[in-house]
Amino acid sequence: MPRAAALLRCLLGIGVVAAAMPARAGDEPVSAFARQWLVAQYSLPGNRVQASATPVDARLDLADCRGAMVASLPPNLPPRPRMSVQVHCTAGAGWTVHVPVRLQIFRHVLVTARPLQRGDGITAGDVRSTSRDITRLGYGYIDNLQQTAGRTLARPLGPGSVLTPSALGGREMVRAGDRVQVVARLDGIEVRAGGIALGSGDGGARLRVRNEVSGRVVDAMVDAPGVVLALP
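Keep in mind that this is a model prediction, so the values were computed, not measured. Numbers given to residues run from 1 along each chain, matching the order in which its sequence is written. pLDDT decides what is reported in this predicted model: residues at 70 or higher carry local features, side-chain atom pairs at 80 or more are listed and counted, and totals for whole chains, interfaces and linings draw on all residues regardless. Side-chain metrics in this entry use all non-hydrogen atoms of the structure; hydrogen atoms and water are not considered.

Go over the overall build of the chain with me, naming the residues and quoting the values.
Each helix and strand counted, the chain has 2 helices and 13 strands in total. Per-residue burial for the chain yields a buried fraction of 34% across its 232 residues. Two residues form a contact once any of their heavy atoms are found within 4.5 Å. Long-range contacts, defined here as pairs at least 24 residues apart, represent 52% of the contacts in the chain between residues at least 6 apart. Note that accessible areas follow from Shrake-Rupley with a 1.4 Å probe, and for residues the cover is restricted to the protein chains shown. Taken as a whole, the chain presents about 13,200 Å² of accessible surface, with 53% of it coming from carbon and sulfur. Each helix is a run of DSSP H or I of at least 4 residues and each strand a run of E of at least 2, with the numbering of both proceeding from the N terminus. Burial classes follow relative accessibility: with a 1.4 Å probe on protein chains only, a residue under 20% of its type's maximum area counts as buried, one over 50% as exposed, and anything between as partly exposed.

Help me get a handle on the sheet that holds strand 12 (residues 217–224), residues and values and all.
Strands are labelled as partners when DSSP assigns at least two bridges between them. With mixed pairing, the 5 strands of this closed barrel are ordered in space as 9-10-11-12-13. Strand after strand, the sheet turns through a mean of 55° between neighbouring axes, direction not considered. Bridge count between strand 10 (residues 189–197) and strand 11 (residues 206–211): 3 bridges; the pairing is antiparallel. Note on strand 11: the bridge partner recorded for I196 is R210. Between N-to-C directions, angles cover 0 to 180 degrees, with each direction set by a line fitted to C-alpha atoms, over the stretch in contact for helices.

I'd love a proper account of the confidence of the model for the chain, names of residues and values included.
The predictor reports its confidence for every residue as pLDDT, a score running from 0 up to 100. Overall, the prediction assigns the chain a mean pLDDT of 83, with 86% of residues at 70 or greater. The secondary structure element of the chain with the lowest average pLDDT is helix 1 (residues 2–12), at 38, and the one with the highest is strand 6 (residues 127–133), at 97. Segment residues 1–27 is flagged for pLDDT under 50; beyond a separation of four residues in sequence, or across chains, it makes 58 contacts in the model.

Quick one: what's the story with unusual backbone geometry, residue by residue and with numbers?
Outside of glycine, negative phi angles account for most residues, and trans bonds account for most peptide bonds. Even without glycine at this site, D61 takes up a positive phi of about 50°. Among the structural elements, D61 can be located in the loop between strand 2 (48–53) and strand 3 (68–72).

Tell me about the pattern of salt bridges, and please be specific about residues and values.
Salt bridge criterion: a side-chain nitrogen from Lys or Arg within 4 Å of a carboxyl oxygen from Asp or Glu. Counting across every chain of the model gives 7 salt bridges. A salt bridge links D143 to R107; the nearest nitrogen and oxygen atoms lie 3.0 Å apart. Linking D143 in the loop between strand 6 and strand 7 (151–153) with R107 in strand 5 (residues 95–112), this pair joins segments that are 36 residues apart in sequence. Classification of D143 as partly exposed rests on a relative accessible area of 32%.

Any chance you could break down the state of the cysteines for me, citing the residues and the numbers?
Criterion for a disulfide: a pair of cysteine sulfur atoms at a distance within 2.5 Å. Evaluation of the coordinates by the stated rule reveals 1 disulfide. Residue C65 pairs covalently with C89 via a disulfide, S to S 2.3 Å. Across the disulfide from C65 to C89, rotation about the S-S bond amounts to roughly 95°, and the bridge is consequently right-handed. Of the two residues, C65 sits in the loop between strand 2 and strand 3 while C89 sits in strand 4 (residues 82–89), which places them 24 residues apart along the sequence.

Account for the pairing of strand 9 (residues 179–186), naming residues and giving values.
By the bridge criterion, 8 bridges tie strand 9 to strand 10 in an arrangement that is antiparallel. Note on strand 10: the bridge partner recorded for L186 is I189. Bridging between strand 9 and strand 13 (residues 227–230) involves 3 bridges; their strand directions are parallel. Within strand 13, the residue paired with Q181 across the bridge is V227.

An account of the pairing of strand 11 is requested, with residue identities and associated values reported.
Of the pairings in the sheet, the one linking strand 11 to strand 12 comprises 5 bridges and is antiparallel in character. Across the sheet, residue R206 finds its bridge partner in strand 12, namely M221. Counting the residues between successive antiparallel strands, the hairpin from strand 11 to strand 12 contains 5 residues, one of them, G215, with a positive phi of roughly 80°.

Which residues make up helix 2 (residues 30–42), and what are the values?
Expected span, for any helix, means 1.5 Å times one less than how many residues it has. Over its 13 residues, helix 2 extends 19 Å from the first C-alpha to the last, a length consistent with the 18 Å expected when each residue adds 1.5 Å. When you tally the buried positions in helix 2, you get 10 out of 13 residues, the bulk of the element. Taken together, the buried positions of helix 2 are V30, S31, F33, A34, W37, L38, V39, A40, Q41 and Y42.

Hey, could you go over the nonpolar core for me, with residue numbers and the actual values?
In terms of nonpolar packing, the biggest core is built from 29 residues, with L38, Y42, V85, V87, W95 and L103 touching the most fellow members. In terms of residue count, strand 5 provides more of this core than any other element does, 8 residues in total. If we skip the residues at most four places from it in the chain, V87 touches V30, F33, A34, M69, V70, W95, T96, V97 and V99. In this structure, L110, I122, L157 and A167 belong to the second largest nonpolar core, which totals 10 residues. Only buried residues count toward a nonpolar core. Its members are Ala, Val, Leu, Ile, Met, Phe, Trp, Tyr and Cys residues joined through side-chain atoms within 4.5 Å.

Given below as structure tokens:
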């Protein structure tokens, strides 16, 4: 069930996650409860989670929780190296404390295997998979090469750089050097011809295309993968 709750949190973006577990403060320290609960939230397939919680200050003199303790996190909080888990005792008058927890989530992510330039596409030989603590990857990460399909780098990256979503530009329907269909439309008449793209772009992007037969270069707009519309 903890894995199911964590999966729902990731898929549905639920802000506050709560889990009730019967426990007594005297038998199981509140800090241990907070640590175990937080580990359960992020123990998804592919993750290796480590956590350590700060012991609750004994001067608080918390009463034994004879009902259940409930843990939660603030809404939409991404995993960070330091988390604050709220633990609430639901029995009687109850009590609430915030337990600081150090969190590490190790996961295999893609890093560059060699220097890459702006505009480069990503192939299997350009990256390698390595384990990183994703709580420290504030700009996100990519863990599957399929996530880069049809996209190019928006900026150069040195070797060993973590591949992030922001490092990738938009998907390009046409790339420079591609053979494309040039479509010209006028008064309901449509004419098609083969051409070579002289630029790259996604839908709506303008680029120049050379007619394969005449060699004439025309201005065009990307309409679909491999298809451009000749501009007047």
